[in-house]
Amino acid sequence: MLTIKSTCAPLVILALFLSLGLCYSYYTPLWNPPDEERHFAYCEYVAQHHALPPYRPDPEGNIVSMAFHPPLYYLMGSFFFIDDKGLLEEEISVNDGPGYTRITHPKREAEFPYSGKAKTAYFLRLFSLMLSGMTVYLIYLIALTVFPGDTIFASASALFVATIPQFLYLSASISNENLSITLSTAYLLSLIYILKEPCKLRWQVIGGTLLGLCLLSKTFTLFYLPITVCFILWVYLRDRRNPILPLSIILSTAIVVAGWWYLRNWLLFNDPVFSKTVGILNPWHLQLFPPFLSYLTTVLQRTFTSFFGEFGTLQFSIPDVHFAIYGGIMLLGIAGLCRMLATKECTPFQVRVLGLFFLSLLGGAGIYGYLNIKHIGFYMGRYLFVVIAPFAIVTFLGVWSLFPFQWRKPLFIFLSLLLILLNLNVLLRILKPAYAETLLVEGVNQSMFCCPTPEINGNTTVGQTFFSPRNNLCAIRVMFSCPVKQLEGSITFALKEAGDKGKILHQMSYPLKKIDDSDRCCFIFLPIPNSLGREYQFTFNSPVLPPGKGISLWYNTSKSAVGGGMLINGKPVKGNLYFQAYCFTGEHPKTDWQGRREMVINQEWYLSIRELQLYYERSKEFRVTTTTHEKLLQVEKIFYNRNSF
């Protein structure tokens with residue numbers, strides 16, 4: 001076996017992981033990772049009231065909408081709160097402008113040195129990062145337990161997890177998933193020790209305790225119950241031992257630790273795992289029709305991308321070449337594993353551990369598949385991190401088996417450098433620029449709308465003229481109307497100076513299949529230096545689309561102060577498109593939002609799910625003071641108008 005110093009390797013990997021994690025936390029603004037503000041609100045309630053939050057199976061009336069989650073992470077997180085009676089939901093606001101930052105915190109608290117709730121939030125992020133550091137170390141221990149003395153293999157498995165961008169992004173955020181991942185990994189290690197020393201009662205008690213804690217951290221881990229039963233039956237019956245006692249000890253201990261939570265939910269709400277609640281609180285996620293092959297393909301694709309690196313609310317991702325490298329490592333692992341199993345290179349103990357790993361992967365994939373068949377939009381690879389330990393170890397076991405013994409140390413050095421460089425590239429060239437200040441100011445804002453324009457197709461173009469009030473015009477945002485999603489064709493945006501015949505300054509196309517109803521898209525281009533006071537015209541066309549297959553834009557029929565007007569087929573008509581024009585205020589554009597290149601960024605729905613969740617979590621008195629309330633009133637009117645066309 002190849003070895004390196006067993007004490008040095010995990011410490012170096014942990015130091016690297018924690019350093020990268022702190023950088024991810026620093027460059028990611030608060031409340032941008034998925035549901036971070038909602039996890040914080042749960043901890044906040046427990047800290048302020050010393051009790052679990054009340055729950056109603058209704059989108060309204062829940063002070064803490066995440067109250068259906070098991071409470072362990074939030075009970076632990078509540079200890080980081082000072083004596084603060086304020087509510088986070090009344091301090092944060094929705095960013096309705098450009099940028100990936102959708103929810104903002106007051107700058108006076110969010111800038112270093114942090115203060116107020118921002119300070120508490122960063123302590124919670126650090127707590128989550130420490131939990132994930134324990135996960136990385138546990139993966140190292142599992143690999144070393146299964147393959148004693150092979151510290152290079154153990155280091156490779158741990159380093160692989162420590163440098164997955166999505167794992168780092170999640171680890172540096174406030175989320176109960178970090179605790180459930182750590183406990184799941186620890187539970188797998190306890191099962192390995194039960195396999196190694198089946199007569200030791202302490203491992204069965206420890207295993208049962210860890211299983212109970214898993215169930216108190218996230219209901220997704222329920223799949224470990226049947227996995228445990230299958231594994232214990234397989235191992236003990238194969239050795240002709242009685243499995244009843246160890247199974248009884250493990251399951252009864254787990255019930256003592258976590259049973260009260262599920263019994264409470266059953267007695268109070270007739271919903272022990274809150275499966276009904278997900279459908280009530282998230283009706284937009286329910287799968288109303290049987291999934292098609294195209295949907296299953298989307299699930300597989302988005303699961304892969306969001307497992308390795310898709311940030312925010314799936315707003316931007318790591319480069320395609322990174323996905324190709326991670327995919328190549330997985331393929332090598334599968335090929336090597338098949339070869340290894342065919343040649344029977346493993347000991348009986350290792351074969352049984354691999355059986356446990358495969359059962360765990362099958363269980364995690366099974367419950368994940370069930371969620372995605374029953375619901376739409378649950379294809380988030382991070383849900384599978386509860387089985388990241390067997391995934392990493394099995395993958396690198398396969399990679400290892402493909403190479404001769406003498407090549408493994410150089411391979412480890414090469415892969416280590418490659419994975420670290422990939423991660424630094426993501427951190428400095430993807431994450432940091434994405435969340436940097438956009439340095440954009442709103443030059444024109446025509447935010448009123450009531451009706452959809454005629455369809456943009458081979459016979460119809462739609463446009464708008466306006467005057468730029470500043471130099472460095474660099475982006476136009478519009479909102480689309482498409483009740484029926486178009487799967488073919490594209491729409492073309494063109495910008496030129498009004499009256500300047502045929503001279504197009506910028507032109508770009510965007511696939512219609514990427515546009516949903518009420519999506520707002522930003523068409524970004526290089527800043528125009530001398531745009532102040534000049535009149536511009538932008539148009540949309542889609543010449544290949546036949547009538548009835550086009551797409552529309554939202555517009556307003558009344559006059560506005562934008563100083564221009566709407567165009568249909570190049571001719572002025574009454575009304576103005578819903579649009580905003582943005583100007584760059586910096587010296588040189590360095591990010592996509594600032595206009596370093598031509599591109600289209602889809603900001604998705606006019607009213608996002610996350611914005612609505614925050615809205616309904618606020619008190620009714622506070623809601624009416626928010627921008628979201630005004631947008632909801634607008635939406636009620638415009639959909640009535642569209643349906644009457």
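Analysis parameters
- Residues numbered from 1 in each chain as written.
- Predicted model: local features only at pLDDT ≥ 70, side-chain atom pairs only at ≥ 80, totals over all residues.
- Heavy atoms only, no water.
- Pairing = 2+ DSSP bridges.
- Helix = DSSP H or I, 4+ residues; strand = E, 2+ residues; numbered from the N terminus.
- Axes fitted to C-alpha atoms, helices over the stretch in contact; angles between N-to-C directions.
- Buried < 20%, exposed > 50% of the residue type's maximum accessible area, 1.4 Å probe, protein only.
- Parallel < 35°, antiparallel > 145°, perpendicular 65-115°, else oblique.
- Left-handed = near helix turned anticlockwise from the far one by under 90°.
- Contact = heavy atoms within 4.5 Å.
- Nonpolar A, V, L, I, M, F, W, Y, C, P; charged D, E, K, R; others polar.
- Phe/Tyr/Trp six-rings, centres within 6.5 Å; stacked < 30°, edge-to-face > 60°.
- Core = buried A, V, L, I, M, F, W, Y, C linked by side-chain atoms within 4.5 Å.
- Polar contact = N/O pair within 3.5 Å; in protein donor to acceptor, adjacent residues only side chain to side chain.

Enquirer: Could you give me a rundown of the sheet that holds strand S9 (residues 490-497), with the residues and numbers involved?
Expert: Pairing between the strands of a sheet comes from backbone hydrogen bonds, and it takes one of two forms, parallel or antiparallel. Strand order in the open sheet formed by 6 strands is S10-S9-S12-S7-S14-S15, and the pairing between neighbours is antiparallel. Two strands bound the open sheet, and with one partner strand each, they are strand S10 (504-511) and strand S15 (571-573). The average undirected angle you get between the axes of adjacent strands in this sheet is 25°. Pairing of S9 with S10 involves 7 bridges; the strand directions are antiparallel. Bridge assignment links Ile491 to a residue of S10, and that residue is Tyr510.

Enquirer: Quick one: what's the story with the pairing of strand S7 (residues 462-467), residue by residue and with numbers?
Expert: A large share of S7 lies buried, amounting to 5 of its 6 residues. Relative to strand S12 (residues 535-541), S7 runs antiparallel, the two being bridged by 6 bridges. Across the sheet, the residue bridging to Val462 is Phe540, located in S12. When S7 meets strand S14 (residues 566-568), the two strands line up antiparallel, connected through 3 bridges. Residue pairing in the sheet places Val462 in a bridge with Ile568 of S14.

Enquirer: Could you give me a rundown of the packing of helix H5 (residues 116-146) against helix H8 (residues 176-196), with the residues and numbers involved?
Expert: It is the contact of H5 with H8, at a shortest axis distance of 8 Å, that shows an interaxial angle of 20°. Classified by the angle between their axes, H5 and H8 sit roughly parallel to one another. By crossing handedness, the relation of H5 to H8 is classed as left-handed. Each of Ser128, Leu131, Ser132, Met134, Thr135, Leu138, Ile139, Leu141, Ile142, Thr145 and Val146 in H5 lies in contact with H8, whose residues at this interface are Asn178, Leu179, Ile181, Thr182, Thr185, Ala186, Leu188, Leu189, Ile192, Tyr193 and Lys196. Of the residues belonging to the contact of H5 with H8, the class tally is 14 nonpolar, 7 polar and 1 charged.

Enquirer: Mind laying out the environment of Ile139, listing which residues take part and the relevant values?
Expert: With respect to the secondary-structure elements, Ile139 resides in helix H5. Here the alpha-carbon distance between Ile139 and Gly565, two residues 426 residues apart in the chain, equals 62 Å. If we ignore the near neighbours within four places in the chain, the residues touching Ile139 are Ser157, Ala158, Val161, Thr185, Ile388, Ala389 and Ile393.

Enquirer: How would you sum up the packing of aromatic side chains? Please name residues and give values.
Expert: As enumerated under the stated definition, the model contains 52 aromatic pairs in all. With centroids separated by 6.5 Å and ring planes inclined at 15°, the aromatic side chains of Tyr137 and Tyr140 adopt a geometry described as stacked. Of this pair, Tyr137 and Tyr140 both sit in helix H5, 3 residues apart, roughly one helical turn. Judged by centre distance (5.3 Å) and plane angle (65°), the ring pair of Phe304 and Phe308 falls under edge-to-face.

Enquirer: Could you give me a rundown of the nonpolar core, with the residues and numbers involved?
Expert: Residues Trp31, Ile142, Phe160, Phe167, Phe308, Ile388 and Trp400 are the most contacted members of the largest nonpolar core, which totals 151 residues. Setting aside anything within four residues of it in sequence, one finds Trp400 in contact with Asp150, Ile152, Phe153, Ala156, Arg408, Leu411 and Phe412. If you look at the next biggest cluster of nonpolar residues, it comprises 37 residues, including Ile456, Phe480, Cys482 and Phe538.

Enquirer: Talk me through the side chain of Lys117; I want residue IDs and the actual numbers.
Expert: Along the chain, the position of Lys117 falls in helix H5. Using a relative accessible area of 1% as the deciding quantity, one classes Lys117 as buried. At 2.8 Å, the side chain of Lys117 forms a polar contact with the side chain of Glu44. Of note is the side chain of Lys117, whose polar atom sits 3.0 Å from the backbone oxygen of Gly86. Non-local contacts of Lys117, meaning those with residues more than four positions away in its chain, are made with Phe40, Glu44, Gln48, Asp84, Gly86, Leu87, Leu88, Glu91, His105 and Glu109.

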